[in-house]
Amino acid sequence: MPSKHNPLHYLRQHNCPQPVYFSGVTPDVKIFDALRRITPGKGGELRLTDAIELLIQEGEPVHVVVHSGTRHDLGNPGGYIPANVEFGLRSMVYGPALYTQLKKIIADYEAEKGLS
């Protein structure tokens, strides 16, 4: 049963744009038990949001931070790799060297493929 303390319920009640994305999840170990207890969804995948909702229904606290910015799908290499590159580029420690290396990789790739 949804409660006023359920972030998923709150987002639905306030007509938040769909889909709602969860990112930067730092799960409690209880999430793994919840994932074992949910029914696979579309494509046979276990959805993290379903496991989170189960924990909320069982009274576990879940905290939400509203984020406006770039969304990255970390569930596949096509999203995971660009996300790491973007975060790496924004790093004050790794960004400058990564930028230089990426430019070299791209130039080498373009030369190899005859794109330059």
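This text goes with the structure placed above it.
Reading the values: the criteria
- Residues numbered from 1 in each chain as written.
- Predicted model: local features only at pLDDT ≥ 70, side-chain atom pairs only at ≥ 80, totals over all residues.
- Heavy atoms only, no water.
- Helix = DSSP H or I, 4+ residues; strand = E, 2+ residues; numbered from the N terminus.
- Expected span 1.5 Å × (residues − 1).
- Core = buried A, V, L, I, M, F, W, Y, C linked by side-chain atoms within 4.5 Å.
- Buried < 20%, exposed > 50% of the residue type's maximum accessible area, 1.4 Å probe, protein only.
- Contact = heavy atoms within 4.5 Å.
- Axes fitted to C-alpha atoms, helices over the stretch in contact; angles between N-to-C directions.
- Parallel < 35°, antiparallel > 145°, perpendicular 65-115°, else oblique.

Novice: Got a minute to help me understand helix α5 (residues 95-113) in this structure?
Specialist: Since the α-helix packs 3.6 residues into each turn, any two residues three or four apart lie on the same face. The terminal C-alpha atoms of α5, which comprises 19 residues, lie 26 Å apart, in line with the 27 Å expected from a rise of 1.5 Å per residue. Phi for Gly114, located one or two positions after α5, is positive at around 70 degrees.

Novice: For this particular structure, what's the right way to read the nonpolar core?
Specialist: It is characteristic of soluble globular proteins that their nonpolar side chains tend to be buried jointly. Within the largest apolar cluster, eight residues are counted, these being Ile31, Ala34, Ile38, Ala51, Ile52, Leu54, Leu55 and Ile56. Those residues in contact with Ile38 that sit more than four places away from it in its chain are Leu46, Arg47, Asp50, Ala51 and Leu54.

Novice: Can you help me understand the packing of helix α2 (residues 30-37) against helix α3 (residues 48-57) in this one?
Specialist: Packed helices, taken two at a time, are described by the angle their axes make and the gap between the axes. Across the interface, α2 lies against α3 with an axial gap of 9 Å and an inter-helix angle of 110 degrees. Classed by the angle they form, the pair α2 and α3 counts as roughly perpendicular. The segment α2 lies against α3, with Lys30, Ile31, Ala34, Leu35 and Arg37 engaging Leu48, Ala51, Ile52, Leu54 and Leu55.

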